[in-house]
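Residues per chain, in single letters:
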Amino acid sequence: MKWDGVRAIAHCTPAGISLWSRNLREITGSYPEIVTALTETTDGRTMMLDGELIAPDDRGAPSFSRLQRRMHVQRPMPSLIEQVRVDLMVFDLLGVDDQVLFDDPYRTRRAELADLRLDDGERVRVPPIWSLADTGAVELLRVAADSGLEGIVCKHGDS
């Protein structure tokens, strides 16, 4: 599925967590609740995660207008963090421990991501993936629309 949010790379090490935008701008201070959640879920392991920061609306659908209230706030007050919830949807594993996974197929990286069990059901979520061999694009688009999402993103499993 496609989320209406901000792309983020999370670099997780035993020394700490840093978040980076797709423009390689550090955004760690803007999302302290994500840093806390990743600290707990990664349990001191070194990894690089690719995902999307989203601000769910009352139905749980990503709301870009809600997220805009947080996007450029470098040190949000606790009241703003409470008013505008932000979650990290992790959709790719780029590296783990001393292993760089850039050249591995997407389906392999996703399997390794699932094995890490990072989804805390709260701030850090690893969404399911579907195969077009099992579920057609029309059905996926219908589910996306019914969920309030703007569309789907397709990746070749061997990419």
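Here, the structure is the one placed above.
Read on for a plain summary of the structure. (Residues numbered from 1 in each chain as written. Predicted model: local features only at pLDDT ≥ 70, side-chain atom pairs only at ≥ 80, totals over all residues. Heavy atoms only, no water.)

## Examining the overall build of the protein chain
Stage number 1. Counting its regular elements, the protein chain contains 5 helices and 6 strands.
Stage number 2. In the protein chain, the order of α-helices and β-strands from amino to carboxyl end is β-β-α-β-α-α-β-β-α-β-α.
Stage number 3. Radius of gyration (C-alpha) of the protein chain: 16 Å, near the 15 Å computed for a compact globule of 159 residues.
Stage number 4. Over its C-alpha atoms, taken along the principal directions, the protein chain stretches across nearly 45 × 40 × 25 Å.
Stage number 5. Among the 159 residues that make up the protein chain, the fraction classed as buried is 43%.
Stage number 6. If you take every contact in the protein chain between residues at least 6 apart in sequence, the share linking residues at least 24 apart comes to 64%.
Stage number 7. Of the accessible surface of the protein chain, which amounts to about 9000 Å², a share of 51% is contributed by carbon and sulfur atoms.
Stage number 8. Across the protein chain, the 19 positively charged side chains and the 26 negatively charged ones have centroids separated by 5 Å. (Helix = DSSP H or I, 4+ residues; strand = E, 2+ residues; numbered from the N terminus. Rg over C-alpha atoms; globule rule 2.2 N^0.38 Å. Buried < 20%, exposed > 50% of the residue type's maximum accessible area, 1.4 Å probe, protein only. Contact = heavy atoms within 4.5 Å. Areas by Shrake-Rupley, 256 points an atom, 1.4 Å probe, with all protein chains shown as cover. Lys, Arg positive; Asp, Glu negative; His and termini not counted. Charge placed at Lys NZ, Arg CZ, Asp CG, Glu CD.)

## So, the pattern of salt bridges
Stage number 1. Enumeration according to the criterion identifies 10 salt bridges in this entry.
Stage number 2. Of the charged contacts, one joins Arg59 and Asp57 as a salt bridge, the two residues approaching to 3.6 Å between their closest N and O atoms.
Stage number 3. Owing to a relative accessible area of 64%, Arg59 belongs among the exposed residues under this scheme.
Stage number 4. In this structure, the salt-bridge partner of Arg85 is Asp87, at a minimum N-O distance of 2.9 Å. (Salt bridge = Lys/Arg side-chain N within 4 Å of Asp/Glu carboxyl O.)

## Structural notes on the pairing of strand 1 (residues 6–13)
Stage number 1. Of the two faces of strand 1, only one is covered, namely that formed by Val6, Ala8, Ala10 and Cys12; the face formed by Arg7, Ile9, His11 and Thr13 stays uncovered.
Stage number 2. Direction of pairing for strand 1 relative to strand 3 (residues 47–54): antiparallel, over a ladder of 7 bridges. By the bridge assignment for strand 3, Cys12 is matched with Met47.
Stage number 3. With 6 bridges joining them, strand 1 and strand 2 (residues 16–21) adopt antiparallel strand pairing. Bridge pairing links Cys12 to Ile17 in strand 2.
Stage number 4. Where strand 1 hands over to strand 2, the hairpin turn is made up of 2 residues, counted between the paired strands. (Pairing = 2+ DSSP bridges.)

## Concerning the nonpolar core
Among soluble globular proteins, nonpolar side chains are generally buried collectively.
Stage number 1. Core analysis: the biggest nonpolar cluster contains 31 residues, and Tyr31, Leu38, Leu49 and Leu53 have the highest contact counts within it.
Stage number 2. Listing elements by their share of this core, those giving two or more residues are strand 1, strand 2, helix 1 (32–42), strand 3, helix 2 (64–71), strand 4 (87–96) and helix 4 (106–116).
Stage number 3. Beyond its immediate stretch of four places on either side in the chain, Leu49 contacts Ala8, Ile9, Ala10, Cys12, Leu38, Val90, Asp92, Leu93, Leu113 and Leu118. (Core = buried A, V, L, I, M, F, W, Y, C linked by side-chain atoms within 4.5 Å.)

## Things to note about the side chain of Ser18
Stage number 1. Looking at where Ser18 falls in the secondary structure, it is placed in strand 2.
Stage number 2. Within the structure, Ser18 has its side chain in polar contact with the side chain of Trp20 (distance 3.0 Å).
Stage number 3. Not counting chain neighbours up to four residues away, the residues in contact with Ser18 comprise Ile9, Ala10, His11, Glu26 and Thr28. (Polar contact = N/O pair within 3.5 Å; in protein donor to acceptor, adjacent residues only side chain to side chain.)

## Description of helix 2
Stage number 1. Inspection of helix 2 places Leu67, Arg70 and Met71 among the buried residues, and these make up the whole buried set. One face of helix 2 carries all of its buried residues, which in axial projection span an arc of 100°.
Stage number 2. Buried-residue contacts for helix 2 involve strand 1, helix 1, strand 3 and helix 3 (78–83). (Arc of directions from axis to C-beta.)

## Concerning the side chain of Arg110
Stage number 1. Among the secondary structure elements, Arg110 is positioned in helix 4.
Stage number 2. For the buried residue Arg110, which engages in no salt bridge, the nearest side chain bearing the opposite charge is Asp92, 6.8 Å off.
Stage number 3. A distance of 2.5 Å separates the side chain of Arg110 from the backbone oxygen of Pro127, its partner in a polar contact.
Stage number 4. Once you skip the residues sitting within four places of it in the chain, Arg110 turns out to touch Val90, Phe91, Val126, Pro127, Pro128 and Ile129.

All we've got here are geometric facts, nothing functional implied.
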